[in-house]
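# Coordinate analysis (summary)
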Amino acid sequence: MACRCGAAGPAAPCRPISQYVLKVHSRCDLSCDHCYVYQEADQTWRDKPVRMAASTVRAAAARIAEHARAHDLPAVHVVLHGGEPLLLGPAGLREVLAELRAALTPGVVLDLRMQTNGVLLDEELCRLLVAYEVKIGVSLDGDRAANDRHRIFAHGGSSHAHARRALALLRRPEFRGSYAGILCTIDLRNDPDQVYSALLAEAPPRIDLLLPHATWDRPPRRPPGVATPYADWLGRIHRRWVDDGRPVPIRLFEALTSGAGGGTEAVGLAPADLLVVETDGSWEQVDSLKVAFHGAAGTDLDVFAHPVDEAARHPGVAIRQEGLAGLCATCRACPVVSRCGGGLYPHRWRTGTGFDNPSVYCADLQALIATVDSAPGPDRAGTPRPGDAPAPAGAGGRGPRSPGIPVPRSAESVGDRAVDPAADRLLAEIVGGHGGPWALDVLAQTQLSITRVLLETWRDITGGSAAWELLAELDATAGDAVGAVLAHPFVRPWLVRQLARRGTPDVDLVPALAVVAAVRAGVEAVVEVPVRGGALVLPALGRLTVGDERAGEVRTAPGGLYIRVGSVSRTVPLDGASTTPTGWQPVRRPPIADAMISIEDVDPERDCYGQPVAPTLDDDAADALGDTLALARLAVHRDVPAHGVALDAGLRAVVPLAPDPLAPWRSATARQAFGAIAVAEMSDADAMAVLLVHEWQHGKLGALMDLYDLVDPASSVRIPVAWRPDPRPVEGALQGAYAHLAVTEVWHARATADRPDAQVARGHLVRYRDWTREAVEALLGAGTLTDLGERFVGRMGHVLEELRADQG
Ligand code: SF4
Ligand code: SF4
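Throughout what follows, the structure given in this document is the object of discussion. (Residues numbered from 1 in each chain as written. Chains lettered and ligands numbered in written order. Predicted model: local features only at pLDDT ≥ 70, side-chain atom pairs only at ≥ 80, totals over all residues. Heavy atoms only, no water.)

Moving on: the environment of arginine 543. Tracing the chain through its elements places arginine 543 in strand β12 (residues 542-545). Here the alpha-carbon distance between arginine 543 and proline 586, two residues 43 residues apart in the chain, equals 6.3 Å. In contact with arginine 543, other than residues within four places in its own chain, are Ala535, Leu536, Val537, Gly583, Trp584, Gln585, Val602 and Thr616. Looking at arginine 543, its side chain comes within polar contact range of the side chain of threonine 616, at 3.1 Å. (Helix = DSSP H or I, 4+ residues; strand = E, 2+ residues; numbered from the N terminus. Contact = heavy atoms within 4.5 Å. Polar contact = N/O pair within 3.5 Å; in protein donor to acceptor, adjacent residues only side chain to side chain.)

Below you can see the structure in the form of structure tokens.
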């Protein structure tokens, strides 16, 4: 049967194909109204032969065998599908199985599967399937009421008892080895607890929960006013499942679990590795594409005239081999893309933009990932991680994509992928060149995209407002202004904090963002802005202290703002030259030539560093810090000009940390606050220069890791590092090594310069160089870096070598 068996995935011209779906019978004995084969846009089944002829099976098997030999594949996976494959009957089925085994097994391991509605499964067929070592998946949507909602005969009769009888057969000891699992399509009208219980009662080795097929043209059923009904529905099952101790693998949950190494056709970035053979021998793409449009899955190629390689080069197949690069811009920048992967390919379809869209289930997928992340126990992945690094194009294949179909080891390995040239260039610039304007712009744009996605989620949760409408209007007419506002380093920390509160927001920053965007765009607007902590804060502009009020009205006008809060009215000039009104604290912009660095001591969201930030500075302290920063920037340009360029290209804000006499040299970076670092106030510009370089390395690397996996996310390995007593997770060791590499460069410059403290600098140089070298060696030996990670760390080693050579 064609059902919803997830047996679909992409292929690429340069990648061997190891998974095949053979549509051996194109008709079905059921008449399910959610069937993508018969009930959706693609009606090509009407022109296909009812059953696959023996000659077609032979030709398909020969093509698969030829391809396996040419690519030296150790195993291939073939799923018998339909329609309903059992309609072939015992004799027809035996013929197909015999052809496949004869053609394939001499040279390759053949993993045979079947997806069936179970209606016709009997003892004779079970014996046959067991004899040919076929694993059987059965479709069942839950209890009788749930199953009967869709899975019925043409005459309207229930198929529930038939499916249950088939499952009972498969549970018998002599057939149990062929029981692959249950495939269940979700319907929100079914009670998730009852569905879960009904599925569990069948003792399946595995459960697949599938979202109903939908596209942007034909969105899924959603109750009014519920933002993420599918995530809510699945979340209830997930809670039960976790509470029950995860009694059976549920593929969707496992695949969405951060670091679990999962990935399916429906989620994840694994390049697809599958072709479909129709009953007439035509090669087709993933057959759930039939929901998109008539003929969507077609390739105009067939097994008689075209080898697998040629079918794999079909553009519709090839694009799905591209991993991250094959996704739309929104997905590419999405913080959970490594787990979501843009959802099931057909679910991205929209007339006009084709598949270049996020999934129509985007909000549900994000919410479900948050649910999975928040679960306790073995699959706990921590709090929602908007910085969760997406895998690079072509990387991240970590699991099966068809139900129960194992993926060959080559697709699971870390570090066995070809490297995307764009990624390689970015890595080279970030390591070797320290990040010039191009590289910093790539990182900044990525961060901005992440913020935009989070903001969309926030809107889904909170709903629209006048401020939203203004922001959206400005985005359409003055996108650069809105982009600049959203790039403020503390917008994303605010969003992350709010989204972690799961629907109980405590601060709405959108009105303030709309005001600042209107100012930047030169648009006159009136916005009601919430007051928090006795102040009305406008990110990147300043703060008006207003006392115990709930909200104020801000009117933007040419050259300034008019703010009215309760009985307080203030006109705030924004020309920088006029007198500052009472209670208004503008964001400080120290005069630092060629750099755009502000001192952020008013934005409440700056408190995101895990250590106390300083209260708002007085003017003298702020001036002193500004002077130190200006001199420190010059020192960086003097010591390592490339690091100076990288600072100028991306560092936008410095947050003063609260003084601590026991640790006067303190600094910090927050992964969510790209463009900002935090430092303790100090007057030593050379010392500040070291901190700036050190922290900006963390900022750049964090942003790079939002874009690419450099470390296998499933790794729990810890490695010893010289700068801390305790072994560090590999990502932490990488962050430390990369920061120390820059510090090494600074001390190298000072040690080799004609300056009085060169001897002292040499001592620091040796220490940081040795720390970094040892860490580089440990990282390369840890076996947990991705291919890109190895390249990155390898390049760090080259930089160290160059420094050594430079020293003579
Ligand atoms: S069992 Fe239902 S969903 Fe599966 S192929 Fe038949 S009609 Fe379609
Ligand atoms: S943007 Fe939506 S569909 Fe795309 S990867 Fe993120 S959650 Fe998935």
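Let's pick the thread back up.
What follows covers the sheet that holds strand β18 (residues 653-657). Here 4 strands make up an open sheet; going across it, the order is β17-β18-β20-β19 and the pairing mixed. Edge strands, defined here as strands with exactly one partner in the open sheet, are β17 (598-599) and β19 (667-668). Where β18 lies against strand β20 (residues 676-680), 5 bridges are found, and the strand directions are parallel. Looking across to β20, one finds that proline 656 is bridged to valine 679. Contacts from helix α23 (residues 685-707) reach β19 and β20 within the one sheet, and its direction differs from that of β20 by about 145°. (Pairing = 2+ DSSP bridges. Axes fitted to C-alpha atoms, helices over the stretch in contact; angles between N-to-C directions.)

One finds Leu22, Leu80, Leu93 and Leu100 to be the most contacted residues of the largest nonpolar core, which totals 96 residues. Counting residues in each nonpolar core, the second largest holds 75 residues, with Leu427, Trp696, Ala737 and Val746 among its members. (Core = buried A, V, L, I, M, F, W, Y, C linked by side-chain atoms within 4.5 Å. Buried < 20%, exposed > 50% of the residue type's maximum accessible area, 1.4 Å probe, protein only.)

Once that is clear, we can look at the state of the cysteines. Under the criterion given, the structure shown has 0 disulfides. Between cysteine 328, a cysteine without a disulfide, and cysteine 331, which holds the nearest cysteine sulfur, the sulfur-to-sulfur distance is 3.6 Å. (Disulfide = S-S within 2.5 Å.)

The tally for this structure, following the rule as stated, stands at 42 salt bridges. Between arginine 497 and glutamate 605 there is a salt bridge, with the nearest N and O atoms lying 2.9 Å from each other. One end of the pair, arginine 497, is in helix α19 (residues 491-500); the other, glutamate 605, is in the loop between β17 and α21 (619-639), and 108 residues separate them in sequence. Taking the relative accessible area as the measure of exposure, arginine 497 reaches 32% and is therefore partly exposed. (Salt bridge = Lys/Arg side-chain N within 4 Å of Asp/Glu carboxyl O.)

The residue after glycine 82, namely glycine 83, is reached through a cis peptide bond having omega 10°. Counting through the fold element by element, glycine 83 comes out in the loop between β2 (75-81) and α2 (89-104). One non-glycine residue, aspartate 72, adopts positive backbone phi at about 55°. With a phi angle near 50°, alanine 203 is a residue other than glycine that sits in the positive phi range. If you trace the backbone, alanine 203 turns up in the loop between α6 (192-200) and β6 (207-210). Assessed through its relative accessible area of 34%, alanine 203 is described here as partly exposed.

Now for the side chain of glutamine 498. On the secondary structure map, glutamine 498 appears in helix α19. Looking at glutamine 498, the relative accessible area reads 1%, which means it is buried. In this structure the side chain of glutamine 498 is engaged in a polar contact, spanning 2.4 Å, whose partner is the side chain of aspartate 506. When sequence neighbours within four positions are dropped, the list of residues in contact with glutamine 498 reads Trp458, Pro505, Asp506 and Val507.

Along the polypeptide, arginine 791 turns up in helix α26 (residues 787-807). Along the sequence, arginine 791 and glutamate 133 sit 658 residues apart, while their C-alpha atoms lie 43 Å from each other.

Residues in close proximity to ligand 2 include Cys331, Cys334, Val336, Val337, Cys340, Gly342, Pro358, Ser359, Cys362 and Gln366, which together make up its full environment. Taken together, the elements giving at least two residues each to the shell around ligand 2 come down to α12 (337-340) and α13 (362-374). Partitioned by chemical class, the residues of the shell around ligand 2 number 7 nonpolar, 3 polar and no charged. (Near = heavy atom within 4 Å. Nonpolar A, V, L, I, M, F, W, Y, C, P; charged D, E, K, R; others polar.)

One pass over the structure, following the stated rule, counts 10 aromatic pairs. Residues tryptophan 458 and tryptophan 494 carry aromatic rings whose centres are separated by 5.1 Å and whose planes lie at 70° to one another, so their mutual orientation is edge-to-face. Here tryptophan 458 is found in helix α16 (residues 437-462), whereas its partner tryptophan 494 is found in helix α19, with 36 residues between them in sequence. You can call tryptophan 494 buried: its relative accessible area is 0%. Among the aromatic residues, those joined into a cluster by ring pairs are Tyr345, Trp349 and Phe355. We note arginine 425 situated over the ring of tryptophan 438; from NZ or CZ to the ring centre the distance is 3.6 Å. (Phe/Tyr/Trp six-rings, centres within 6.5 Å; stacked < 30°, edge-to-face > 60°. Lys NZ or Arg CZ within 6 Å of the ring centre and 35° of its normal.)

On to helix α17 (residues 466-477), then. With 12 residues, α17 extends 16 Å between its outermost C-alpha atoms, agreeing within 8% with the 16 Å of an ideal straight helix rising 1.5 Å per residue. Those residues of α17 that fall on the buried side of the exposure criterion are Ala467, Trp468, Leu470, Leu471 and Leu474. Buried positions in α17, seen along its axis, are confined to an arc of 165° and lie on one side of it. Every exposed residue of α17 that faces more than 90 degrees away from the buried side is listed here: Ala466, Glu469, Glu473, Ala476 and Thr477. Contacts from the buried residues of α17 go to α16, α18 (479-486), α20 (510-521) and β10 (525-530). (Expected span 1.5 Å × (residues − 1). Arc of directions from axis to C-beta.)

Let us now look at the packing of α23 against helix α24 (residues 730-751). Where α23 contacts α24, the axes come no closer than 9 Å and their chain directions differ by 145°. Of the two possible hands of crossing, α23 and α24 adopt the one that is right-handed. Along the contact surface, α23 presents Asp686, Ala689, Val690, Val693, His694, Gln697, His698, Lys700, Leu701, Gly702 and Met705, while α24 presents Glu731, Leu734, Gln735, Gly736, Tyr738, Ala739, His740, Ala742, Val743, Val746, Trp747 and Arg750. Per-class residue counts for the contact of α23 with α24 are 12 nonpolar, 7 polar and 4 charged. (Left-handed = near helix turned anticlockwise from the far one by under 90°.)

In short, shape yes, function no, at least from these values alone.
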